[in-house]
Amino acid sequence: MSDERIPLLEASNVTKIFGAVRALTSASLELFSGEIVALLGANGAGKSTLVNVLTGAIRPDSGHVRIRGREFKAASPTDARQSGLIPVYQESSMIPDLSVADNLRLTNTEPAPFRYWLGELGIGQLGLDEEAGGLPLATLRILDLARALASEPEVLLLDEMTAALPTDLVRKVLDVIRSQKARDCGIIFISHRFVEVAAVCDRASVLRDGRTVGNLAIEPGVEDRIVDMMLGGSIDAAAARKAKSADDRAPGLPRLSAKGLSAGTNLADVSFELHRGEVLGVVALEGQGQDELFEVLSGFEKPSGGFIEVEGNKVSFEHPADAIEAGLAYVPGDRAAALLMQRSVRENIALPFSAQVSAWGAIPVKREGERVAEAIERLQIDTRAQGEVRRLSGGNQQKVTIGRWIATGTKTLLLFDPTRGIDIRTKRQIYPLMRKFAKQGASVLYYSSELEEIPLVCDRVIVIFSGRIVDTFNAGDADESTLMRAAHGLALSSAEAA
Amino acid sequence: MTVAAAEGPAIRIKRFLSEYPVVPLILLLAALVVALEVIRPGIVNERWIANTIKFAIPLAMLASCQTLTMLTGGIDLSVGTIATISSFVMATQVPLAGTASAVVIALVPAFLLGLVNGFGVGICRVHPLIMTLGTGLIGIGCLQVYQRFVIATGSEVPDFLAWLGTGRIWILPHSLLLFVPFAVAVVFMLRRTGFGRLLYALGDNENASRLSGVRGWQVFLALYALSGLIAGITGLLYLGLIKAPSLSLVEPRLLPAVAAAVIGGTSIFGGRGTYSGTIVGALILTVLTTMLTVMQIPEGTRRLLFGVIILAVTAIYLRLTEES
Amino acid sequence: ASDYSIGVSNTVQGNGWREQMICAIKAQALSSGKVSDLNIAHRNTDAAGQLEDIRNLIQAGVDAIIINPSNPDGLNAAIQEATDAGIVVVAVDQAVSAPTAYVLSNNQEEYAYLGAKWLFEQLGGSGDVVYMRGAAGASADSDRDAGFHRAHDEHPDVNIIHEVFTGWQQDQGKQQMLDFLATGIPLDGVWTSGIDNVIVDAFLESDSPLVPIVGADNAGFVGMLSSVDGLVGAAVTNPGSVGGAGIALALNILGGDAPGDRTVLVDPALWENQTEEGKATLAAAENPNLDPEWPVSVSIPGWTDYSMEQIIACKGPGE
Amino acid sequence: MGFFRRESWNLGLVAILALLFVLTKVVQPNYGASGIVGLAQAALPFAFAAAAQAIVVIVGGIDLSIASMMAVTSVAAAVMMEGASEGQAFWIALFILALGTAMGALNGILIVLTRVPDIVVTLAMLYVWEGVALMILKAPGGGASDWLMGLPIGSIPLPGVPESVSSFLPKALLLLVVCIAVVWVPLKRSKLGLQIYAIGSSEQAAYRTGVPVKRSKVAAYAIAGLFAAMGGLVLTASTGIGAPIPGPYLLASVAAVVLGGVVLGGGRGGLLGPIIAVFILRLVRTILTFLAVDPNVTTIVEGTIMVAVVMVGGVLALRGRRRSAA
Ligand SMILES: Nc1ncnc2c1ncn2[C@@H]1O[C@H](COP(=O)(O)OP(=O)(O)OP(=O)(O)O)[C@@H](O)[C@H]1O
Ligand SMILES: Nc1ncnc2c1ncn2[C@@H]1O[C@H](COP(=O)(O)OP(=O)(O)OP(=O)(O)O)[C@@H](O)[C@H]1O
Ligand SMILES: [Mg+2]
Ligand SMILES: [Mg+2]
């Protein structure tokens with residue numbers, strides 16, 4: 001591509017200050033038609049803020065945005081839309097109380113192309129009468145994308161579109177993105193997963209602390225350089241190592257065992273044991289019953305069959321508080337469901353401390369401060385906007401949901417896709433953190449939509465398909481393709497055939 | 001536009017104001033007092049200040065019930081009735097049961113009605129607005145029935161209540177003896193106790209609180225019972241202040257109590273608000289009432305101005321405190 | 001015959017005066033021995049709500065309806081429906097304009113005139129007066145305003161230096177008086193529309209010299225007129241027992257003894273504490289045990305025939 | 001099944017209403033056509049207030065000034081209609097509707113421009129409109145044209161339908177249905193209606209998907225003003241005069257909205273639920289009057305029933321949801 005061409009979209013020296021936080025100091029970006037540019041940066045680097053500026057959702061303090069060389073004073077998302085800029089924001093923009101069809105009507109989206117894209121993305125069977133608020137997050141993200149595609153964008157801005165998606169859907173999304181490139185659409189792609197970036201992007205633009213620090217072509221071996229740029233120095237790449245094998249599991253009763261659990265229409269007869277000092281991975285494609293499994297274990301829902309044992313004692317949870325008392329703490333996949341958005345980071349982390357009636361009295365301020373600070377430290381939470389969690393970047397919010405239980409020192413963590421939207425540095429800190437957590441005697445049930453992290457964290461893996469456990473591996477033996485095959489139920493069908 | 005320019009003193013002042021939102025509210029209060037002095041020179045004297053504080057105190061106490069419940073996304077519409085009940089029961093029980101027992105007898109219905117609210121909201125999941133509206137009606141009915149048995153037993157305002165309600169030393173009304181510890185306790189509760197934290201938490205995201213092991217019903221039960229009790233105590237203070245028991249003594253103060261809380265920055269949708277803001281809100285309303293009383297204008301204009309000034313004050317307050 | 005069914009519609013609840021009215025209605029119904037049951041709609045509402053109550057009472061098949069109208073002209077439709085159905089309608093306390101209704105009303109204009117005239121005469125025909133009205137927009141308040149101004153027109157040298165609406169609320173009236181006293185503007189007298197004892201209190205609390213005060217015959221204020229040192233004042237009667245008189249009138253009409261004139265006005269009396277005669281009346285009327293919001297005039301001679309005990313018991317037929 | 005799930009709350013309310021009708025008939029065996037006509041008349045102003053409140057609650061706000069706006073429109077209509085001819089009265093009524101819409105729009109504009117929370121703005125406007133009403137009329141007075149007064153009275157004489165049936169169809173009910181439907185049905189189907197629900201559901205998401213948040217919010221408040229004006233006109237029509245003191249319509253409207261299944265905070269619910277709730281509350285009042293219980297006890301009963309209706313409604317709705325889920 002030649003530099004004389006006029007960029008489709010150009011941002012130069014954009015700044016944006018929110019109260020005490022300088023979200024963008026000097027951000028610049030160029031995008032040509034038919035090009036896919038990765039916008040990379042650590043949590044809180046300013047990626048989403050830049051997307052918001054480009055689409056007129058917020059107004060920059062200074063700097064310029066040009067579309068095809070013409071100054072664009074994006075007054076509102078409507079104006080951006082009219083210029084062909086279609087965003088998929090980091091949070092779903094589907095109106096929860098409206099049906100999918102009404103959501104389409106709201107944006108004047110034709111149902112026919114929308115249906116076509118749903119089909120391409122693998123959920124063509126979805127009924128448009130469904131209320132958006134009742135759909136799983138992954139489905140909502142696909143709907144966001146399909147709606148964006150249906151309006152034939154000239155510039156597509158995808159802010160962590162893939163973060164909540166399981167691997168199979170990610171592949172479909174990447175395929176679709178490539179097809180858009182083919183029709184000369186310019187695409188900005190934000191993701192914390194380098195594999196995805198490497199798979200589709202032509203160039204990467206790197207943001208650090210609100211400043212554009214580099215622009216480089218995607219080529220083999222570029223990952224480490226990008227990471228260096230993102231973080232302003234190298235990190236300990238060796239931190240993430242393969243997990244130990246499962247043989248040296250601690251003796252005694254299992255910490256948690258599920259016996260023939262079933263729930264709703266999705267989960268049927270699941271049994272497994274989670275031991276002291278173990279990280280047990282859960283692998284499943286979208287909607288195979290993993291959501292129900294976690295909800296039952298965390299006391300959110302009652303199982304319709306089977307039961308749970310903690311330390312060998314049969315338990316029955318009426319309320320998540322019962323589960324927490326039994327030592328099971330749950331981090332849901334949707335951070336919005338777990339956070340007090342208008343409250344501070346500290347209050348969010350300290351929330352479980354006050355839950356019991358016995359802790360309703362004066363707060364031991366100093367001790368609480370220490371515990372919170374330690375959690376913040378261990379998870380590297382960017383606390384510049386700590387007064388209200390809603391002002392944190394998406395990834396930092398995600399960290400707060402985990403930090404809460406790190407600070408509480410719970411015995412068993414039920415993590416549902418905890419590294420969703422978390423940057424590479426923190427991920428590399430979280431994996432050893434989980435290992436250490438386990439080594440100190442805790443247990444972790446770890447569902448992840450990102451298969452490559454399974455061997456880095458887990459001791460064993462169970463694979464769920466159609467609400468049943470179809471396979472169990474030692475994490476050491478679980479490479480991505482094996483897991484993928486199992487997750488698609490292929491192991492099951494071959495077993496049945498045999 | 002350079003970034004350095006954005007760091008000027010204006011920005012720093014603004015940041016200070018948004019960090020301590022009660023400061024601009026106090027400034028607005030001061031502005032109103034100045035305006036009053038301009039309208040009626042000489043009125044801002046020792047006696048007037050004491051009277052203003054005296055009337056703002058029970059209002060601020062009643063408004064604390066709104067702040068506390070609004071933090072959880074609720075509201076307590078029964079406080080006017082509860083306070084009226086306890087004041088009326090107090091005045092009519094003094095001749096029958098003696099002062100000390102009368103205090104206890106007067107606070108029992110307040111606490112019970114609060115408990116019923118808490119039961120309905122926390123355990124039966126009835127919307128607080130309906131629940132407290134309902135118990136308010138039930139309370140009024142009970143009071144009317146009670147009233148028929150005490151028509152001829154006389155009533156008495158005990159001296160200590162009259163002393164507390166009406167007395168003053170210089171600009172300091174005696175009721176500060178009750179209010180200062182009360183306000184400190186409420187502010188401390190909201191900032192530094194687990195219970196206070198849970199109020200904000202439930203109002204912000206009940207689901208997230210559940211997930212963290214909070215049993216909402218326990219909090220609601222305690223909260224509404226507390227609100228009822230505070231309303232009851234406020235009723236006693238009103239009795240001391242007005243010295244005329246009546247079947248609707250505190251009833252008209254319900255809307256002003258809600259107003260004081262929202263002017264002071266409490267959100268009805270929960271999760272946001274402070275008690276210090278509410279106290280200033282109550283003072284602003286009291287000063288505003290005085291200002292319009294002393295202005296000789298037709299009643300229609302008076303009400304219109306009252307509304308316009310409330311809107312202006314909150315709009316200015318918002319401009320002063322909001323972040324970019 | 002003791003089997004009349006009588007309906008009552010009242011739109012202000014939680015006020016001693018109206019409670020007395022209800023008790024008088026019950027006591028008179030009981031003592032007459034002619035009423036088998038009373039059906040009382042007693043709540044806070046507006047004219048439209050009162051229309052609803054009257055229509056419900058018609059449906060309930062009562063023989064007569066006693067109403068304390070929320071305003072004089074707004075109830076005509078329902079009153080017409082009632083009288084069309086052969087139901088006797090008696091408006092008490094305030095008048096209604098419906099031609100088919102009987103009215104047994106306290107004369108509100110006269111009420112204000114009597115008190116204001118006494119006050120202005122007490123001041124020797126000149127001076128600065130504070131005028132504390134009832135609720136803005138209420139018809140009783142505008143009737144009283146007419147009477148007050150009639151007296152004022154007769155004493156043009158009296159100066160109304162301050163006019164406020166108490167909303168008939170104790171706390172509001174007290175704060176307004178305290179605010180006014182704080183301004184330090186001199187005043188010579190106060191006329192109140194029934195929020196009276198708290199006004200005396202406001203003077204006492206702010207150590208301001210007492211001035212002549214006119215109020216109503218509420219038990220609290222009447223007590224103060226004889227007990228507060230240096231208080232010059234007068235209470236104008238505004239008996240809540242007019243409700244009992246309404247029952248008596250309705251029973252007369254049902255018994256075939258309708259008055260020639262459809263409107264009967266109960267004229268107020270004034271009890272002042274300056275003459276020996278006045279003091280004696282006050283002393284006789286005073287009742288420290290009565291609910292302080294209740295008017296002390298618990299009966300209307302010639303109309304009601306229940307005893308003090310009966311009205312205080314507040315029991316109707318069948319209770 | 002979807003219908004039952006979506007409408008479970010309303011169906012619960014209808015069941016309660018039906019139950020109350022049966023109870024009324026038991027308590028007062030000769031309750032019939034004229035009782036139902038009276039009920040519809042009594043419900044009218046409450047129903048319009050509830051409709052007005054419902055639409056602002058759906059958009060995510062709340063309007064504390066509804067009763068005051070009703071007072072302003074009622075006194076304005078009464079003052080203008082006094083002595084006006086029947087022909088003029090029609091234009092006056094139209095003017096009053098426009099006035100209400102403008103007042104509502106002003107509420108909305110102030111909310112959008114000042115960015116002060118809805119509750120504070122409308123609280124301030126409660127006093128402002130109350131002041132305006134008192135400026136127009138100091139005491140109850142004015143008049144209403146016969147044409148207007150006749151609107152809600154009596155029943156509809158349907159051609160071909162026997163009197164015994166048609167007398168059960170109150171004109172007031174027809175008036176209510178027509179007025180609400182004329183505004184609500186097209187609105188609900190329009191883009192604006194969708195945008196109102198979208199804003200109430202998630203203002204942020206709505207803004208990002210290109211919904212003109214400010215404009216739609218102002219429109220919602222304006223429509224609320226229109227309904228309030230209808231309520232004000234109905235007050236003038238039923239009493240024949242205008243009264244400057246606002247009636248008990250504020251709390252009643254909020255209660256009806258909550259009882260009617262509209263979620264405070266926005267995005268869910270409709271107008272049907274609140275209107276059925278209004279009828280329930282009116283019918284409770286009727287039953288209490290028929291029972292001739294001690295007037296002080298009626299208040300207790302009314303409070304208890306209000307709470308009980310929400311509890312029963314909640315249980316029924318939950319049951320409906322469960323059944324359709326299973
Ligand atoms: N409305 C706001 N008020 C205050 N601070 C904000 C606001 N929005 C964003 N910020 C801050 O600006 C910084 C940049 O946030 P942004 O959301 O753009 O990060 P990001 O690069 O998208 O991160 P992530 O990968 O975690 O999504 C963060 O420190 C964030 O806390
Ligand atoms: N509901 C909202 N959600 C998120 N951001 C908003 C919302 N409303 C306004 N904003 C942001 O605040 C900025 C300033 O808004 P404001 O509406 O005052 O300016 P405006 O562009 O003149 O508005 P409008 O175009 O709607 O008349 C907007 O550019 C937008 O970025
Ligand atoms: Mg982001
Ligand atoms: Mg704009």
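Relevant structure appears above.
Novice: Lay out the packing of helix 9 (residues 171-189) of chain D against helix 10 (residues 191-201) of chain D in plain terms, naming residues and giving numbers.
Specialist: All names here are of chain D. Following both chains from N to C, one finds helix 9 and helix 10 inclined at 80°, their axes separated by 4 Å at the closest point. The orientation of helix 9 relative to helix 10 falls into the category roughly perpendicular. Between helix 9, through W184, L187, K188 and R189, and helix 10, the contact on the second element is made entirely by K191, L192, G193, I196 and Y197.

Novice: Tell me about the packing of aromatic side chains, residues and numbers included.
Specialist: Scanning the model with the defined rule gives 19 aromatic pairs over all chains in all. Residues W360 of chain A and F195 of chain B carry aromatic rings whose centres are separated by 5.1 Å and whose planes lie at 50° to one another, so their mutual orientation is tilted. Taken as a pair, W360 of chain A in the loop between helix 11 (345-350) and helix 12 (365-379) and F195 of chain B in helix 9 (residues 194-204) lie in two separate chains rather than in one. Ring-pair connections join several aromatic residues into one group, and the members of that group are F294, F300, Y330, F416 and Y447 of chain A. Above the ring of Y113 of chain C, the side-chain terminus of R150 of chain C is found at 4.0 Å from the ring centroid. Positioned above the aromatic ring of Y89 of chain A, the side-chain terminus of R208 of chain D is 4.1 Å from the ring centre.

Novice: For unusual backbone geometry, give the residues involved together with the corresponding values.
Specialist: Residue and element names in this part refer to chain A. Residue D184 is not a glycine yet carries a positive backbone phi of 70°. Along the chain, D184 falls in the loop between helix 6 (167-182) and strand 8 (186-190). Judged by its relative accessible area of 51%, D184 falls in the exposed class. The backbone phi angle of D269 is positive, close to 55°, even though this residue is not glycine. Within the secondary structure, D269 is located in strand 12 (residues 267-274).

Novice: A description of the interface of chain D and chain A should follow, citing residues and the corresponding values.
Specialist: Contacts between chain D and chain A engage 18 residues on the former and 22 residues on the latter. The largest share of the area that chain D buries against chain A comes from L194, R208 and T209 of chain D, three residues that together contribute 41% of it. Counting the contacts that link chain D with chain A gives 2 salt bridges. Salt-bridge contacts for E131 of chain A lead to R268 of chain D; the nearest nitrogen and oxygen are separated by 3.1 Å. Remark: the boundary between chain D and chain A carries 7 residue pairs in polar contact (both at pLDDT 80 or more). Going through the elements one at a time, helix 10 and helix 11 (203-208) of chain D are the ones with two or more residues in the side of chain D that touches chain A. The element that contributes the greatest number of residues to the side of chain D that touches chain A is helix 10 of chain D, accounting for 6 residues.

Novice: Just give me the short version of the sheet that holds strand 7 (residues 158-165) of chain C, but keep the residues and values in it.
Specialist: All names here are of chain C. Overall, mixed pairing links the 6 strands, which are arranged 7-6-8-9-10-12 in an open sheet. This sheet does not close on itself; its edge strands, each paired only once, are strand 7 and strand 12 (270-272). Averaged over all pairs of adjacent strands, the angle between their axes in this sheet comes to 20°, without regard to strand direction. Pairing of strand 8 (residues 189-192) with strand 9 (residues 213-216) involves 2 bridges; the strand directions are parallel. Its bridge partner being in strand 9, W191 is matched across the sheet by V214.

Novice: I'd like to hear about the coordination of the magnesium ion (ligand 3), residue by residue, with values.
Specialist: Residues and elements named next belong to chain A. At 1.9 to 2.1 Å from the magnesium ion (ligand 3) lie its protein donor atoms, namely S48 (OG) and Q90 (OE1). Here S48, found in helix 1 (residues 47-54), pairs with Q90, found in the loop between strand 6 (85-88) and helix 3 (100-106); they are 42 residues apart in sequence, far enough to count as distant. The exposure class of S48 is partly exposed, given its relative accessible area of 22%.

Novice: Describe the state of the cysteines, naming the residues involved and giving the relevant values.
Specialist: Taken as a whole and judged by the stated rule, the model has 1 disulfide over all chains. Linked covalently through their sulfurs, C23 of chain C and C314 of chain C form a disulfide whose S-S length is 2.0 Å. Between C23 of chain C and C314 of chain C, the S-S torsion sits near -85°, and that sign places the bridge as left-handed. One end of the pair, C23 of chain C, is in helix 1 (residues 16-32); the other, C314 of chain C, is in the segment after helix 11 (308-313), with 291 residues separating them in the sequence. Taking relative accessible area as the criterion, C314 of chain C reaches 1% and is therefore assigned buried. The thiol of C124 of chain B is not disulfide-bonded; the next cysteine sulfur, from C142 of chain B, is found 18 Å away. On the basis of relative accessibility, which here comes to 27%, the residue C124 of chain B falls in the partly exposed class.

Novice: Tell me about the pairing of strand 10 (residues 211-217) of chain A, and please be specific about residues and values.
Specialist: Residue and element names in this part refer to chain A. In this structure, strand 9 (residues 203-208) lies alongside strand 10, joined through 6 bridges in antiparallel fashion. Within strand 10, the position partnered with R208 by the bridge is R211. What sits between the antiparallel neighbours strand 9 and strand 10 is a turn of 2 residues, in which D209 has the positive phi angle 45°.

Novice: Give me the lowdown on the nonpolar core, citing residues and values where you can.
Specialist: Core analysis: the biggest nonpolar cluster contains 257 residues, and M177, L187 and V190 of chain C together with F227 of chain D have the highest contact counts within it. Per element, the largest residue contribution to this core is 16 residues, and it comes from helix 3 (residues 33-58) of chain D. When residues of this core are assigned to domains, at least three fall in each of domain 1 (9-234) and domain 2 (239-487) of chain A. Contact partners of V190 of chain C, with chain neighbours within four places excluded, come to L119, V130, M132, M177, I199, F203, V211, P212, I213 and V214 of chain C.

Novice: Could you give me a rundown of the site of ligand 2, with the residues and numbers involved?
Specialist: All residues adjacent to ligand 2 are A57, I58, R59 and A75 of chain A together with E203, Q204, Y207 and K214 of chain D. With respect to ligand 2, the chains having nearby residues are chains A and D. Here Q204 of chain D contributes a side-chain N or O atom positioned 3.5 Å from a nitrogen atom of ligand 2. Burial of ligand 2 by the protein amounts to 57% of the accessible area it has alone, namely 610 Å². A total of 3 residues in the shell around ligand 2 trace back to one element, the largest contributor, which is helix 11 of chain D. For the shell around ligand 2, the per-class residue count stands at 4 nonpolar, 1 polar and 3 charged.

Novice: Which residues make up the packing of helix 4 (residues 79-97) of chain B against helix 6 (residues 128-149) of chain B, and what values go with them?
Specialist: Residue and element names in this part refer to chain B. In the contact formed by helix 4 and helix 6, the axes pass within 9 Å of each other and the chain directions differ by 15°. The orientation of helix 4 with respect to helix 6, classified from their angle, is roughly parallel. Crossing hand, helix 4 versus helix 6: left-handed. Taking contact as the criterion, the partners of T81, T84, I85, F88, V89, T92 and Q93 in helix 4 are, on helix 6, G136, G139, I140, L143, Y146 and Q147. Grouping the amino acids of the contact of helix 4 with helix 6 by side-chain chemistry returns 6 nonpolar, 7 polar and no charged.

Conventions adopted
Residues numbered from 1 in each chain as written. Chains lettered and ligands numbered in written order. Predicted model: local features only at pLDDT ≥ 70, side-chain atom pairs only at ≥ 80, totals over all residues. Heavy atoms only, no water. Axes fitted to C-alpha atoms, helices over the stretch in contact; angles between N-to-C directions. Helix = DSSP H or I, 4+ residues; strand = E, 2+ residues; numbered from the N terminus. Parallel < 35°, antiparallel > 145°, perpendicular 65-115°, else oblique. Contact = heavy atoms within 4.5 Å. Phe/Tyr/Trp six-rings, centres within 6.5 Å; stacked < 30°, edge-to-face > 60°. Lys NZ or Arg CZ within 6 Å of the ring centre and 35° of its normal. Buried < 20%, exposed > 50% of the residue type's maximum accessible area, 1.4 Å probe, protein only. Buried area = accessible area lost by both parts, 1.4 Å probe. Salt bridge = Lys/Arg side-chain N within 4 Å of Asp/Glu carboxyl O. Polar contact = N/O pair within 3.5 Å; in protein donor to acceptor, adjacent residues only side chain to side chain. Pairing = 2+ DSSP bridges. Donors = N, O, S within 2.8 Å, 3.2 Å for Na, K, Ca; no water. Disulfide = S-S within 2.5 Å. Core = buried A, V, L, I, M, F, W, Y, C linked by side-chain atoms within 4.5 Å. Domains from an automatic or database assignment. Near = heavy atom within 4 Å. Areas by Shrake-Rupley, 256 points an atom, 1.4 Å probe, with all protein chains shown as cover. Nonpolar A, V, L, I, M, F, W, Y, C, P; charged D, E, K, R; others polar. Left-handed = near helix turned anticlockwise from the far one by under 90°.

Honestly, it's all geometry; don't read function into it.
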